Amino acid sequence: MSVALLWVVSPNSQLSNCFGFVDSVRDGNPLSVCRERSSMFNCRPKKGRKQKWNACSIHVPEISSMVASTADEIAVSSEEKVYNVVLKQAALVREQLRSSPDLDVNPDIALPGNLGLLSDAYDRCGEVCAEYAKTFYLGTLLMTPERRKAIWAIYVWCRRTDELVDGPNASHITPTALDRWESRLEDVFRGRPFDMLDAALSDTVANYRVDIQPFRDMIEGMRMDLRKSRYKNFDELYLYCYNVAGTVGLMSVPVMGIAPESKASPVSVFDAALALGIANQLTNILRDVGEDARRGRVYLPQDELAQAGLSDDDIFAGKVTDKWRRFLKSQIKRARMFFDKAEKGVTELNAASRWPVYASLLLYRQILDEIEANDYNNFTKRAYVNKAKKIAALPIAYARSLIPRSKKPPLTTL
Ligand SMILES: CC(C)=CCC/C(C)=C/CC/C(C)=C/CC/C(C)=C/[C@@H]1[C@@H](COP(=O)(O)OP(=O)(O)O)[C@]1(C)CC/C=C(\C)CC/C=C(\C)CCC=C(C)C
Ligand SMILES: [Mn+2]
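Residues numbered from 1 in each chain as written. Chains lettered and ligands numbered in written order. Predicted model: local features only at pLDDT ≥ 70, side-chain atom pairs only at ≥ 80, totals over all residues. Heavy atoms only, no water.

- Going by an unreviewed UniProt entry, the chain carries the name 15-cis-phytoene synthase and comes from Dipteronia sinensis.
- UniProt lists a comment for the chain under the heading Sequence similarities (unreviewed entry), and it reads "Belongs to the phytoene/squalene synthase family."
- For the chain, the Catalytic activity (unreviewed entry) comment in UniProt is given as "2 (2E,6E,10E)-geranylgeranyl diphosphate = 15-cis-phytoene + 2 diphosphate". (UniProt positions renumbered as here; feature names shortened; annotations may be inferred.)

Shown next as structure tokens:
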């Protein structure tokens, strides 16, 4: 596959304009859980959103995995939908490990005429990454140059996608704009990038076995943000968290690489990566309850709020009560379960990729400790990890990333 570079403007104008693409998207510029995968999974009928259930023995997985609508009809749960993406991505990587276990990068992709431009494109991605996520950027410097560049390109695409709904032009973003962003994504995967940042991603996805689905799903997460401000239950919230954050884990693992000595199955490593995204997003939601409420948004599962004797009104009132503390304790516990699951997967990654992952895991998980330290007031106090704690976490992450796999409890090898 070859990458056609279509931009003709100078890198510097892209530099100042790297997030100023909203107008072109809007105007349609043409260039522009412990998871036993159970008998339920195995005796699943044909594809479809809602499926008639065959008579079979059903094992109920730990995290809500099926949603009963009527007595004889079961809708496929979010967890199961997401698991299908995990299986597909893991199969791609497994195939690569079988065909060329030692090959990091596809040698066919080097196109002499474009190398300088590509190199500028990657450099620009690195600059954006350094500007928006300094600690993470520093972590990537430990990776091999090829992997580092590819992770920057993915980071930049994710950041731009998030900026569509969270950035300064968010009020102009419509579902059509997101459709256009998606068709531009398809072009990236076809090797027809629109701008230099897209070109870096085109090159990356040609070099590594990265499936397009997680990218499409992240855009779908942004669509959810446009049309939805409440989540009925954890199943709905799980899908949102997968879309906006779990997808990042699935995109990153093929680039970060699984350690050659790892005995874990690719599926279990992708599952751990997915868990890290979900854990991060759940933490993000718990940290931002007050801020989101002021924007009319409640990302907490409505049924769990009701079971705790709480409602949206309590959130808008913003009073820390014992009911609220009890409720938050259970939400924090769930987020920690996802972090624990993710942690088991970090050592399965290539040694050079572990440190930034561990660092981000430790830093994000500490936000939960800070919510507790704030006596569960996430209405008016923003939980944050101070600089000293951040700095202290870095050598800890580094030390942990050096501990050999054999000293850790194994991930499933199935
Ligand atoms: C090492 C590492 C962290 C790699 C990830 C690199 C990468 C491609 C990051 C993209 C992140 C991004 C810009 C996502 C867009 C959507 C978004 C903003 C999600 C939220 C991140 C937090 O950002 P922030 O606090 O700035 O949020 P606000 O915009 O301010 O609201 C998320 C909460 C989630 C991001 C998800 C991850 C970092 C998951 C990373 C998972 C892996 C790298 C898999 C590791 C592998 C194993 C086996 C554990
Ligand atoms: Mn955001």
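1. Notes on the nonpolar core
Then, number 1: In terms of nonpolar packing, the biggest core is built from 93 residues, with Trp-157, Leu-237, Leu-300, Ile-315 and Trp-324 touching the most fellow members.
Then, number 2: Sorting elements by how many residues they give to this core places helix H11 (residues 234-256) first, with 13 residues.
Then, number 3: Discounting residues that sit within four places of it in the chain, Trp-157 has contacts with Trp-181, Leu-185, Asp-198, Leu-201, Phe-215, Met-218, Ile-219 and Met-251. (Core = buried A, V, L, I, M, F, W, Y, C linked by side-chain atoms within 4.5 Å. Buried < 20%, exposed > 50% of the residue type's maximum accessible area, 1.4 Å probe, protein only. Helix = DSSP H or I, 4+ residues; strand = E, 2+ residues; numbered from the N terminus. Contact = heavy atoms within 4.5 Å.)

2. Examining unusual backbone geometry
Then, number 1: One non-glycine residue, Asp-375, adopts positive backbone phi at about 50°.
Then, number 2: Take Asp-375: it is sitting in the loop between helix H17 (351-373) and helix H18 (387-402).

3. So, the coordination of the manganese ion (ligand 2)
Then, number 1: Coordination of the manganese ion (ligand 2) by the protein involves Asp-162 (OD) and Asp-166 (OD), with metal-donor separations of 2.2 to 2.7 Å. Note that Asp-162 and Asp-166 are positioned in helix H7 (residues 145-166) at a spacing of four residues, about one turn of the helix.
Then, number 2: Take Asp-162: its relative accessible area is 22%, and that puts it in the partly exposed class. (Donors = N, O, S within 2.8 Å, 3.2 Å for Na, K, Ca; no water.)

4. Concerning the site of ligand 1
Then, number 1: For ligand 1, the set of nearby residues contains 29 residues, the closest of which are Phe-136, Arg-159, Gln-281, Asn-284 and Tyr-364.
Then, number 2: Arg-159 places a side-chain nitrogen or oxygen 3.4 Å from an oxygen atom of ligand 1.
Then, number 3: Protein chains shield 87% of the accessible area of ligand 1, which is 1,000 Å² for the free molecule.
Then, number 4: Counting residues per element, the shell around ligand 1 draws most heavily on helix H12 (residues 266-287), at eight residues.
Then, number 5: Among the residues forming the shell around ligand 1, the class breakdown is 19 nonpolar, eight polar and two charged. (Near = heavy atom within 4 Å. Polar contact = N/O pair within 3.5 Å; in protein donor to acceptor, adjacent residues only side chain to side chain. Areas by Shrake-Rupley, 256 points an atom, 1.4 Å probe, with all protein chains shown as cover. Nonpolar A, V, L, I, M, F, W, Y, C, P; charged D, E, K, R; others polar.)

5. Examining the environment of Leu-164
Then, number 1: Counting through the fold element by element, Leu-164 comes out in helix H7.
Then, number 2: Taking relative accessible area as the criterion, Leu-164 reaches 1% and is therefore assigned buried.
Then, number 3: Spatially, the C-alpha atom of Leu-164 lies 26 Å from that of Gln-89, the residues being 75 residues apart in sequence.

6. Considering the packing of aromatic side chains
Then, number 1: Applying the stated criterion to the full structure yields 14 aromatic pairs.
Then, number 2: Each ring, one from Tyr-231 and one from Tyr-299, has its centre 5.7 Å from the other, and the planes form 20°; the classification is stacked. Here the residue Tyr-231 occupies a position in the loop between helix H10 (213-227) and H11, and Tyr-299 occupies one in the loop between helix H13 (289-294) and helix H14 (302-307), the gap between them amounting to 68 residues.
Then, number 3: Look at Tyr-299 and you get buried, because its relative accessible area is 6%.
Then, number 4: Through a chain of ring-to-ring contacts, the aromatic side chains of Trp-157, Trp-181, Phe-189 and Phe-215 assemble into a single cluster.
Then, number 5: The ring of Tyr-122 has Lys-149 lying over it, and the distance from NZ or CZ to the ring centre is 4.7 Å.
Then, number 6: The ring centre of Phe-234 lies 3.7 Å from the NZ or CZ of Arg-334, which sits over that ring. (Phe/Tyr/Trp six-rings, centres within 6.5 Å; stacked < 30°, edge-to-face > 60°. Lys NZ or Arg CZ within 6 Å of the ring centre and 35° of its normal.)

7. What about the confidence of the model for the chain?
Then, number 1: Summing up the model confidence of the chain, the mean pLDDT is 82 and the portion of residues at 70 or higher is 76%.
Then, number 2: Scored below 50 in pLDDT, residues 106-112 shows nine contacts in the model against residues more than four places distant or in partner chains.
Then, number 3: For this predicted complex, the interface confidence comes out at an ipTM of 0.95, alongside a pTM of 0.83. (pLDDT = per-residue confidence, 0-100.)

8. Some words on the pattern of salt bridges
Then, number 1: Tallied over the entire structure, the rule returns 34 salt bridges.
Then, number 2: Linking Asp-179 and Arg-223 is a salt bridge whose minimum nitrogen-to-oxygen distance equals 3.0 Å. Placement of the pair is Asp-179 in helix H8 (residues 175-189) and Arg-223 in helix H10, with a sequence separation of 44 residues.
Then, number 3: Taking the shortest distance from any N to any O, the salt bridge between Glu-343 and Arg-365 comes out at 2.9 Å. Of this pair, Glu-343 sits in helix H16 (residues 322-346) while Arg-365 sits in helix H17, and the two are 22 residues apart along the sequence. Take Glu-343 and Arg-365: they sit in the same class, and that class is buried.
Then, number 4: In this structure, a network of salt bridges that share partners links the residues Asp-179, Glu-182, Glu-220, Arg-223 and Arg-227. (Salt bridge = Lys/Arg side-chain N within 4 Å of Asp/Glu carboxyl O.)

9. Remarks on the packing of H7 against H8
Then, number 1: Their axes nearest at 11 Å, the elements H7 and H8 cross at an angle of 165°. Relative to H8, the element H7 is oriented roughly antiparallel. In this structure, the crossing between H7 and H8 has a hand that is right-handed. Contact residues: Trp-157, Arg-160, Thr-161 and Leu-164 in H7; Leu-178, Trp-181, Arg-184 and Leu-185 in H8.
Then, number 2: Classifying every residue of the contact of H7 with H8 gives five nonpolar, one polar and two charged. (Axes fitted to C-alpha atoms, helices over the stretch in contact; angles between N-to-C directions. Parallel < 35°, antiparallel > 145°, perpendicular 65-115°, else oblique. Left-handed = near helix turned anticlockwise from the far one by under 90°.)

10. Some words on the state of the cysteines
In protein chemistry, a disulfide is the covalent bond that joins the sulfur atoms of two cysteines.
Then, number 1: Evaluated as defined, the whole model comprises zero disulfides.
Then, number 2: A disulfide-free cysteine, Cys-129 has its sulfur positioned 8.7 Å from the sulfur of Cys-125, the nearest such atom.
Then, number 3: Here Cys-241 is not cross-linked by a disulfide; its sulfur's nearest cysteine counterpart is in Cys-158, at 15 Å. (Disulfide = S-S within 2.5 Å.)

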